Amino acid sequence: MKYLIILSLLAASLLAEIDVRQNIKALYIGVPLTKGQMDYILDNQSRIVALMKAQAIQTVGAQQIHDSNVVEFMLRSDGTADSYRVLDHASRRNIDRLSELIVMEGYKQMPVPPTDTPVRLIIRYRTGNMESAVDLTPEPEPQPKKRVR
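Residues numbered from 1 in each chain as written. Predicted model: local features only at pLDDT ≥ 70, side-chain atom pairs only at ≥ 80, totals over all residues. Heavy atoms only, no water.

A.B. asks: Can you walk me through the side chain of Asp96 in this structure?
C.D. replies: Inspection of the secondary structure puts Asp96 in helix H3 (residues 93-106). In this structure Asp96 is buried but unpaired, with Arg93 as the nearest side chain of opposite charge at 6.4 Å. Within the local environment of Asp96, its side chain forms a polar contact with the side chain of His89, the two groups lying 2.6 Å apart. Leaving out residues up to four positions away in the same chain, Asp96 has contacts with Asn69, Tyr84, Val86, His89 and Ala90. (Helix = DSSP H or I, 4+ residues; strand = E, 2+ residues; numbered from the N terminus. Buried < 20%, exposed > 50% of the residue type's maximum accessible area, 1.4 Å probe, protein only. Lys, Arg positive; Asp, Glu negative; His and termini not counted. Salt bridge = Lys/Arg side-chain N within 4 Å of Asp/Glu carboxyl O. Polar contact = N/O pair within 3.5 Å; in protein donor to acceptor, adjacent residues only side chain to side chain. Contact = heavy atoms within 4.5 Å.)

Here it is as structure tokens:
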């Protein structure tokens with residue numbers, strides 16, 4: 001039984017990696033990328049997503065939003081970003097504007113690519129209070145109970 005659980009976890013992690021790569025492939029369909037650009041995107045995807053998520057939490061706060069969009073911008077080799085555009089709009093225009101604010105603040109913390117690289121992101125808003133949805137604080141250690149004599 002123990003081995004079955006381990007194999008299941010291993011299979012799930014392999015499927016997750018395949019899914020991530022398929023999503024990148026789908027996001028960049030029709031975009032000619034050099035090997036350096038693709039390496040940058042693959043090597044930094046989790047960091048970029050984490051930075052964008054942190055920026056979204058800071059920007060959105062306690063707003064109730066359940067929407068998504070797909071955005072693109074050009075991350076330049078000098079650390080700047082431009083050419084922001086929405087590829088797939090949210091149902092409300094203010095969500096697209098919110099995504100632009102998140103990207104224009106978040107890109108400043110991204111690793112600088114060796115060459116100008118297009119970055120595409122799916123930004124999903126699926127919560128009422130994002131701060132409570134993302135809790136990175138560790139749980140306190142359980143304290144031993146005191147014996148009563």
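There is more to say after this.
A.B. asks: Please explain the pattern of salt bridges as it appears in this structure.
C.D. replies: Two side chains with opposite charge may pair up if their charged atoms get near one another. Going through the model one piece at a time under the given rule, you end up with seven salt bridges. Arg76 is the partner of Asp82 in a salt bridge, and the nearest nitrogen-oxygen pair spans 3.0 Å. Taking relative accessible area as the criterion, Asp82 reaches 31% and is therefore assigned partly exposed. Here Arg76 makes a salt bridge to Asp116, at a shortest N to O gap of 2.9 Å. On the criterion of sequence distance, the pair formed by Arg76 in the loop between strand S1 (65-75) and strand S2 (81-88) and Asp116 in the loop between H3 and strand S3 (117-127) is long-range, its members being 40 residues apart. Classification of Asp116 by relative accessible area gives partly exposed; the value is 28%.

A.B. asks: Just to check I follow, could you spell out the environment of Ile95 for this structure?
C.D. replies: By the secondary structure assignment, Ile95 is in helix H3. By relative accessible area, Ile95 is classed as buried at 1%. Here the alpha-carbon distance between Ile95 and Asn69, two residues 26 residues apart in the chain, equals 8.0 Å.

A.B. asks: What am I meant to see in the confidence of the model for the protein chain here?
C.D. replies: Any region with low pLDDT has predicted coordinates that should not be read closely. Mean pLDDT for the protein chain: 76, with 68% of residues reaching 70 or above. Taking the mean pLDDT of every element in the protein chain, the minimum, 46, falls on helix H4 (residues 130-133) and the maximum, 94, on S2. Counting contacts from residues 9-21, a segment whose pLDDT is below 50, to residues more than four positions away or on other chains yields two contacts. Throughout residues 130-141 the model reports pLDDT below 50, and contacts reaching past four residues in sequence, or to other chains, amount to nine contacts. (pLDDT = per-residue confidence, 0-100.)

A.B. asks: Any chance you could explain the environment of Gln109 here in plain terms?
C.D. replies: One can find Gln109 in the loop between H3 and S3. When residues no more than four places from it in sequence are discounted, the contact partners of Gln109 are Arg47, Leu51 and Gln55.

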